[in-house]
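Notes for the structure review
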Amino acid sequence: MLTFFVNLVFFLLCFFAFTTIILRLLLWSGHTKRELVSISDQPIQTEPVIATLIIAHPDDECMFFTPTINAFLSRGIKVYVICLSSGNYYGKGEIRKRELILSCNTLGIPASRVYIEDSPKLQDGSEWNHSDGVIAIRKAFRSFDILPDFILTFDSFGVSGHKNHKSTYLAIQELISQQREMEEKLIRVFKLCSVGIIRKHIAILDLWFALIERLFDRVDLLIVGKWENSLQAMRQHKSQLVWFRWLYILFARYTMINTFKEL
Ligand SMILES: [Zn+2]
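Residues numbered from 1 in each chain as written. Predicted model: local features only at pLDDT ≥ 70, side-chain atom pairs only at ≥ 80, totals over all residues.

1. Here's the deal with the overall build of the protein chain
Scanning the protein chain for helices and strands turns up 11 helices and 7 strands. Burial status across the protein chain gives 37% buried among its 263 residues. Long-range contacts, defined as pairs at least 24 residues apart, comprise 79% of the intrachain contacts of the protein chain with a sequence gap of at least 6. (Helix = DSSP H or I, 4+ residues; strand = E, 2+ residues; numbered from the N terminus. Buried ≥ 20, exposed ≤ 12 C-beta atoms within 10 Å, placed from the backbone. Contact = placed C-beta atoms within 7 Å.)

Given below as structure tokens:
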């Protein structure tokens, strides 16, 4: 009887893994492109569509957002990156700034489209005031001379629950409410959905759950990407490549699946 159950579990796991791989191959480009059509059909089609990724630390871009960056760039959307801190928690801020530029280059974003804030008020691991985050974001827009069509960022939990990730989201909420008050052009904001700890670490198998969420409109955007692209970008963050980061890269769903809700 025990052998029967062991065989059954093994069979189900193999079936689950096999069908997931087939799904991934089917959805790799087609589904991603279809998803992006809805957000790139802006009224201003004569101008290039601009998306700004706003993160808290160097390496957030490739640990969590690589599939989205790849998908946006492949559709001709201009992607800018704003990083609200230099990641100086262990005194490696200058190294980490350079690593972020290298990682973005690997992903296809030139250094001229990367802005790294290094304010004493927005240090890695410290408490951030939302208004300081808004000031930094507005400063970055001015330095790029852009007003983006989209902002991509963390949601209220910030994937890992890190307080700087949460503060990044709160700063963007504050920015949007300021825009409403001042009757400025509103930027559409897409929040990267945080998932539970098990879903977070089952790699491509999470595609099943993500698809079901998309089917029932629990998420607005589902993007599937190549794991290798996350790996290549993460390798540029040499100062961060400790053993548990390798484990994360191996098992994380965010290196190949991103789901977003619109704010
Ligand atoms: Zn982070």
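2. Quick word on the sheet that holds strand E6 (residues 221–224)
The 7 strands are arranged E3-E2-E1-E4-E5-E7-E6 in an open sheet whose pairing can be described as mixed. Each edge of the open sheet carries a strand with a single partner, namely strand E3 (114–116) and E6. Between one strand and the next, the sheet's axes are offset by a mean angle of 25°, whatever the strand orientation. Looking at chain direction, strand E4 (residues 150–154) and strand E5 (residues 188–192) are connected through 5 bridges and run parallel. Bridging across to E5, Leu152 finds its partner in Phe190. (Pairing = 2+ DSSP bridges. Axes fitted to C-alpha atoms, helices over the stretch in contact; angles between N-to-C directions.)

3. With respect to unusual backbone geometry
For Val159, which is not a glycine, the phi torsion comes out positive at approximately 65°. Its location among the elements puts Val159 in the loop between E4 and helix H7 (163–181). In this structure Val159 comes out as buried when scored by C-beta crowding, with 20 C-beta atoms within 10 Å. If you check the backbone angles, Glu183 has positive phi at about 55° while not being a glycine. By the secondary structure assignment, Glu183 is in the loop between H7 and E5.

4. Thoughts on the nonpolar core
Residues Leu53, Val81, Ile82, Leu152 and Leu192 are the most contacted members of the largest nonpolar core, which totals 60 residues. The biggest single contributor to this core is strand E2 (residues 78–83), with 5 residues. Among residues more than four places away in sequence, those in contact with Val81 are Leu53, Ile55, Glu61, Cys104, Ile109, Arg113 and Val114. (Core = buried A, V, L, I, M, F, W, Y, C linked by C-beta atoms within 7 Å.)

5. Thoughts on the pairing of E4
Taking burial as the measure, the 5 residues of E4 include 5 buried ones, the bulk of the element. Examined bridge by bridge, strand E1 (residues 50–55) and E4 share 3 bridges and lie parallel to one another. In the sheet register, Ala51 faces E4, and the bridge partner there is Phe150. Crossover handedness for the path E4 to H7 to E5: right-handed. (Right-handed = clockwise from strand over helix to strand, strands pointing away.)

6. Some details on helix H5 (residues 93–107)
Taking 1.5 Å of rise per residue, 15 residues should cover 21 Å, and H5 covers 21 Å from first to last C-alpha, within 8% of that figure. Every buried residue belonging to H5 is among Arg96, Glu99, Leu100, Ser103, Cys104 and Leu107, and all of these are buried. Burial along H5 is one-sided: seen end-on, the buried residues are contained in an arc of 135°. (Expected span 1.5 Å × (residues − 1). Arc of directions from axis to C-beta.)

7. Structural notes on the UniProt feature "transmembrane region" (unreviewed entry) in the protein chain
According to UniProt, the positions carrying the feature "transmembrane region" (unreviewed entry) are residues 6–27 and 242–260. Segment residues 242–260 splits into 47% helix and 21% strand. End C-alpha atoms: 29 Å apart. (UniProt positions renumbered as here; feature names shortened; annotations may be inferred.)

8. Section: the packing of helix H6 (residues 130–144) against H7
The N-to-C vectors of H6 and H7 enclose an angle of 70°; their axes lie 8 Å apart at closest approach. Judged by the angle between their axes, H6 and H7 are roughly perpendicular. Contacts between H6 and H7 involve His130, Ser131, Gly133, Val134 and Ile137 from the first element and Ser167, Thr168, Leu170, Ala171, Glu174, Leu175 and Gln178 from the second. The residue makeup of the contact of H6 with H7, split by class, is 5 nonpolar, 6 polar and 1 charged. (Parallel < 35°, antiparallel > 145°, perpendicular 65-115°, else oblique. Nonpolar A, V, L, I, M, F, W, Y, C, P; charged D, E, K, R; others polar.)

9. Quick word on the packing of H5 against helix H10 (residues 227–234)
Contact pair H5 / H10: the axes reach a minimum separation of 8 Å and the direction vectors enclose 150°. Relative to H10, the element H5 is oriented roughly antiparallel. Of the two elements, H5 crosses H10, and the hand of that crossing is right-handed. Each of Ser103, Thr106 and Leu107 in H5 lies in contact with H10, whose residues at this interface are Asn229, Gln232 and Ala233. Counted by class, the contact of H5 with H10 contains 2 nonpolar, 4 polar and no charged residues. (Left-handed = near helix turned anticlockwise from the far one by under 90°.)

10. Comments concerning the pairing of strand E7 (residues 257–262)
Two faces make up the sheet, and in a regular strand the side chains alternate between them. Examined bridge by bridge, E5 and E7 share 3 bridges and lie antiparallel to one another. Across the sheet, Phe190 pairs through a bridge with Glu262, a residue of E7.

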